[in-house]
Amino acid sequence: YIEEAGQYIQCTIPTRCTPTGTDVVTADNGVCVCNCKDRWVGDKCDSCPVRLEQMSSDKCAVGYLNYPTCDHCNVIDHCSGHATSVTSDPANKLCTDWAYTYSWTGSSCDSCAAIYTQAECVQCAEGHFAYDVCTMCTVKDHCSSHASTVVPNSQITMCDCTCNHAWTGDSCDICPPGIDPATDCAQCLVGYIGFPNHVKCGIATDCINNADSVTSSPDFPSCQCDCRNMWSGATCSQCDSQFDGADCNVCARGHTGYNICDLYTIADHCENHASAVTPAPDPNPTSCTCTCRNHWELPDCLTCPPQFGGSDCDTCGIHRINYPTCTLCTVNDDCSNHASTVTSNSQQTECVCTCNQKWSGADCSTCPTEYSGLDCNDCGTAHINYPFCTDYTDALHCNGH
């Protein structure tokens, strides 16, 4: 008992302690002293330390662990200094429910994934971008498989691709016009040259407007012109000497046979029977004019007229005399119409008659005296036995009587 206000009051748990007391005694100083259960404290066992759960002093409070010591969970000791706050698990065995700083993980906030810088776990690791996702840059995923290298940009917000060949675009997915994507964007398309600049071939720019078409090929470093008419050269700028005309479309003078335009020559165009050959007089000649030698005939000096002969048409023909008039020998004119044939002598200066019957003389105009008749085909007076026509006499035929 204790004395209070002149009265003696019994020390009991109900009157002096909360239900968390186990018993109560009287102290030497005349006060009731409660003996507390578990970790309750205070004169009336009505106070539970902050490290203990208030409704049950035999369990650590939230944020404390390892009853009965109930150590306080703190960022420095339990989170490696990498958290902004920390509490304990329901069993008060581990610190948990961290509020991590940056990208630290693990039960002690001491683990930093490989995608982050390891010192502070506050930036993407090398080769990664877009904190805090920190995706790794790859040629396949971010450069369409068209790059030699890929790294994050300086702001670490996207990947920077070093595109192969002529690929362009942030992800190397564009092959410019004029370049063939089928060659990994490494060659010009047909009709373009100058990789990687891919300049388009043009008739005006590459063939000075003297071509029907223009193209190119991967194996040819310049545009290939399909020259019009007879223009030639890489740029269709050359009209060879055998051609002429505003569009290299006719033969030059002295040439013939467009589009071959051979040079006129005496041998090729005048059968080697001319003294000269010249172009035809028209402005765009397609033939030549031969000056035939001797008596060869135009236009190509191929024919020697029948009145002439010889290897160079420079003598009279057969049965003709007196070059160059070369008069034809005839039976009527040269043989008095008394010959069976007529020809010329070897010098072709006289006609030679083969006289009929018994005609004689160079022109078969003479019928000898022993002959007679309209065609010199009978014996003359005092002659017998044609064609011998012997002269008959008194002595020979009349016995001298």
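Note that this is a predicted model, so its numbers are computed, not measured.

About the cut-offs
Residues numbered from 1 in each chain as written. Predicted model: local features only at pLDDT ≥ 70, side-chain atom pairs only at ≥ 80, totals over all residues. Heavy atoms only, no water. Disulfide = S-S within 2.5 Å. Helix = DSSP H or I, 4+ residues; strand = E, 2+ residues; numbered from the N terminus. Buried < 20%, exposed > 50% of the residue type's maximum accessible area, 1.4 Å probe, protein only. Pairing = 2+ DSSP bridges. Phe/Tyr/Trp six-rings, centres within 6.5 Å; stacked < 30°, edge-to-face > 60°. Salt bridge = Lys/Arg side-chain N within 4 Å of Asp/Glu carboxyl O. Polar contact = N/O pair within 3.5 Å; in protein donor to acceptor, adjacent residues only side chain to side chain. Contact = heavy atoms within 4.5 Å.

**Section: the state of the cysteines**
All chains considered together, the criterion is met by 24 disulfides. Note on cysteine connectivity: cysteine 329 is disulfide-linked to cysteine 351, with sulfurs 1.9 Å apart. The sign of the S-S torsion, about -90°, decides the handedness of the disulfide formed by cysteine 329 and cysteine 351: left-handed. A residue pair is termed long-range when its members are at least 10 positions apart, and cysteine 329 in the loop between strand S32 (327-328) and helix H6 (331-334) and cysteine 351 in strand S34 (residues 351-355) qualify at 22 residues. Cysteine cysteine 48 is unpaired, with the sulfur of cysteine 70 as its nearest cysteine sulfur at 8.9 Å. Classification of cysteine 48 by relative accessible area gives buried; the value is 8%. Left unpaired, cysteine 288 is separated from the closest cysteine sulfur, that of cysteine 290, by 4.6 Å. Judged by relative accessible area, cysteine 288 falls into the buried class, the value being 17%.

**What to know about the pairing of strand S33 (residues 339-344)**
The pairing of S33 with S34 spans 5 bridges and is classified as antiparallel. Its bridge partner being in S34, valine 342 is matched across the sheet by cysteine 353. Hairpin connection from S33 to S34: 6 residues lie between these consecutive antiparallel strands, with glutamine 348 at a positive phi of about 55°.

**Some remarks on the packing of aromatic side chains**
Across all of its chains, the model carries 3 aromatic pairs by this definition. Ring centres of tyrosine 371 and tyrosine 386 lie 6.0 Å apart, and the angle between their planes is 85°; on these two criteria the pair is classed as edge-to-face. Highlighted residues: tyrosine 371 in strand S35 (residues 371-372) and tyrosine 386 in the loop between strand S37 (383-384) and strand S38 (390-391), separated in sequence by 15 residues. The class for tyrosine 386 is partly exposed, based on a relative accessible area of 31%.

**Brief notes about the pairing of strand S13 (residues 147-152)**
As paired elements, S13 and strand S14 (residues 159-163) share 5 bridges and run antiparallel to each other. Looking at S14, one finds that alanine 147 is bridged to cysteine 163. A loop of 6 residues connects S13 with S14, the two strands running antiparallel in sequence, and isoleucine 156 in this loop sits at a positive phi of about 55°.

**Structural notes on the pattern of salt bridges**
With the rule as written, the count across this model stands at 2 salt bridges. Two residues, arginine 228 and aspartate 247, come together in a salt bridge whose shortest N-O distance is 3.0 Å. In this pair, arginine 228 sits in the loop between strand S20 (220-227) and strand S21 (231-232) while aspartate 247 sits in the loop between strand S23 (243-244) and strand S24 (250-251), placing the two residues 19 residues apart along the sequence. For arginine 293, the salt bridge goes to aspartate 312, with nearest N and O atoms at 2.9 Å. With a gap of 19 residues between them, arginine 293 in the loop between strand S28 (288-292) and strand S29 (308-309) and aspartate 312 in the loop between S29 and strand S30 (315-316) connect regions that are remote in the sequence. Residue classification places arginine 293 among the partly exposed positions, given a relative accessible area of 26%. Exposure remark for aspartate 312: the relative accessible area of 17% places this residue in the buried category.

**Some remarks on the side chain of asparagine 153**
Mapped onto the elements, asparagine 153 comes out in the loop between S13 and S14. In terms of polar contacts, asparagine 153 uses its side chain to reach the backbone amide nitrogen of threonine 157, at 2.8 Å. The contact partners of asparagine 153, leaving out residues within four places of it in the chain, are Met158 and Asp160.

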